[in-house]
Amino acid sequence: MSAETPVQSAGTFTRLRLRFRVWRGSRPFWAGLFTALGGIPIAYFPYATLKLGNMSIAMATTGGAASLIIGVLLITLGMTLWFQQATRIFAGVAAILLALVSLVVSNIGGFLMGFLLAMIGGALALSWVPGKEAPEEPVEGDGSEAPTGEGATSDAPEDPAAAPESPAAGSHEHGDGGEADGVRATVPNGGHRVG
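Along every chain, residues carry numbers that run from 1 in the direction the sequence is written. In keeping with the model being predicted, local features are shown solely for residues with a pLDDT of at least 70 and side-chain atom pairs are shown and tallied solely at 80 or more, while totals for entire chains, interfaces and linings include all residues. Calculation of side-chain values draws on the structure's entire complement of heavy atoms; hydrogens and water are dropped beforehand.

Some thoughts on the packing of helix α3 (residues 64–83) against helix α4 (residues 88–105)
Moving on, step 1. Axis definition: a line fitted to C-alpha atoms, over the contacting stretch in the case of helices. Angles run 0 to 180 degrees between N-to-C directions. Only runs of H or I of at least four residues qualify as helices and only runs of E of at least two qualify as strands under DSSP, and these elements are numbered from the N terminus. Across the interface, α3 lies against α4 with an axial gap of 10 Å and an inter-helix angle of 160 degrees. Classed by the angle they form, the pair α3 and α4 counts as roughly antiparallel. The two elements α3 and α4 cross, and the hand of that crossing is left-handed. Contacts between α3 and α4 involve Ala-66, Ser-67, Ile-70, Leu-73, Leu-74, Leu-77 and Leu-81 from the former and Arg-88, Phe-90, Ala-91, Ala-94, Ala-95, Leu-98, Val-101, Ser-102 and Val-105 from the latter.
Moving on, step 2. Following the grouping adopted for this structure description, the nonpolar residues are Ala, Val, Leu, Ile, Met, Phe, Trp, Tyr, Cys and Pro, the charged ones are Asp, Glu, Lys and Arg, and the polar ones are all others, Gly among them. Counted by class, the contact of α3 with α4 contains 13 nonpolar, 2 polar and 1 charged residues. By definition in this entry, angles of less than 35 degrees are roughly parallel, angles greater than 145 are roughly antiparallel, angles of 65 to 115 are roughly perpendicular, and the rest are oblique. Each helix crossing is assigned a hand: it is left-handed if the near helix lies turned anticlockwise from the far helix by less than a right angle, otherwise right-handed if that turn is clockwise. Working rule for contacts: check all heavy atoms of both residues, and any pair within 4.5 Å makes them a contact.

Structural notes on helix α6 (residues 113–127)
Moving on, step 1. The span one expects for a helix is its residue count, reduced by one, times 1.5 Å. The terminal C-alpha atoms of α6, which comprises 15 residues, lie 21 Å apart, in line with the 21 Å expected from a rise of 1.5 Å per residue.
Moving on, step 2. Throughout, exposure labels follow a simple rule: accessible area from a 1.4 Å probe, protein chains only, divided by the maximum for the residue type, with under 20% read as buried, over 50% as exposed, and the rest as partly exposed. Taken as a whole, α6 has its buried residues at Gly-114, Phe-115, Ala-118, Gly-121, Gly-122 and Ala-125. Buried residues along α6 cover an arc of 135 degrees about the axis, so they all sit on one side.
Moving on, step 3. Packed against the buried residues of α6 are α2 (29–44), α3, α4 and α5 (107–111). The arc refers to the directions leading from the helix axis to the C-beta atoms.

Considerations on a nonpolar patch on the surface
Moving on, step 1. Side chains of Ile-89, Val-93, Leu-97, Leu-100 and Leu-126 sit close together on the surface and give an oily, nonpolar patch of about 400 Å² of accessible area.
Moving on, step 2. At 4 residues, α4 tops the list of elements feeding residues into the nonpolar patch.
Moving on, step 3. By the element assignment, Ile-89 lies in helix α4. Two distance rules govern patches: like charges are joined within 9 Å, and nonpolar side chains (Val, Leu, Ile, Met, Phe, Trp, Tyr) within 5 Å, applied only to residues with over 30% relative accessible area and no salt bridge. The accessible surface values rely on the Shrake-Rupley method and a 1.4 Å probe; as for residues, cover is taken only from the protein chains in view. Salt bridge, as used here, is a side-chain nitrogen of Lys or Arg placed within 4 Å of a carboxyl oxygen of Asp or Glu.

Side note on the side chain of Ser-67
Moving on, step 1. Tracing the sequence through the fold places Ser-67 in helix α3.
Moving on, step 2. Residues adjacent in sequence count toward polar contacts only when both atoms are side-chain atoms; beyond that, a polar contact is any pair of N or O atoms within 3.5 Å, and within protein one must be able to donate a hydrogen and the other to accept it. Only 3.2 Å separates the side chain of Ser-67 from the side chain of Ser-106, close enough to count as a polar contact.
Moving on, step 3. The residues contacting Ser-67, other than those within four sequence positions of it, are Ile-42, Ala-43, Pro-46, Val-105 and Ser-106.

Thoughts on the packing of α4 against α6
Moving on, step 1. Their axes nearest at 8 Å, the elements α4 and α6 cross at an angle of 160 degrees. Looking at the two axes, α4 sits roughly antiparallel to α6. The two elements α4 and α6 meet at a crossing, and its hand is left-handed. Along the contact surface, α4 presents Arg-88, Ile-89, Gly-92, Val-93, Ala-95, Ile-96, Ala-99, Leu-100, Ser-102 and Leu-103, while α6 presents Phe-115, Ala-118, Met-119, Gly-122, Ala-123, Ala-125 and Leu-126.
Moving on, step 2. Along the lines of polarity and charge, the residues of the contact of α4 with α6 split into 13 nonpolar, 3 polar and 1 charged.

Here it is in structure tokens:
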């Protein structure tokens, strides 16, 4: 690649990836993902049938309908966290409570997989806080700090000799070498100089 090679604009994949990153950063994305993933094993395992050779193992429980409801609710709460960030506290608390109920109702919370995923998702939802936009800092030296135009007032007087003298001007004097941090400085010959 040489210096003469024209710069290509970002491809479609890069644009989509950057848009997804912005979308993901403005909401509790990982909380919604873990919560929704936690609902899948809770809803699936009570209706699953495993085949081991000629033998089939059914894991259906008496609370199969309750497991399905808990799983669907967790998936719905995960989607709610993605698309309705304002309800993150409610969704986080509800996800944690449903995960705890799934321990008793749904095969130990989907064999602990769904339970752990839903608990992590609920905790992430409760701890997520929307980011604050960085305040805009004024550019130094561009003169944007002071108002300009007709009717603008200036804090500094235009003529230093016309500046009103403060009554405490003499209190800033120093006797060492004529240097002072105030308005007047002592000159070695006994006089005062302004500046």
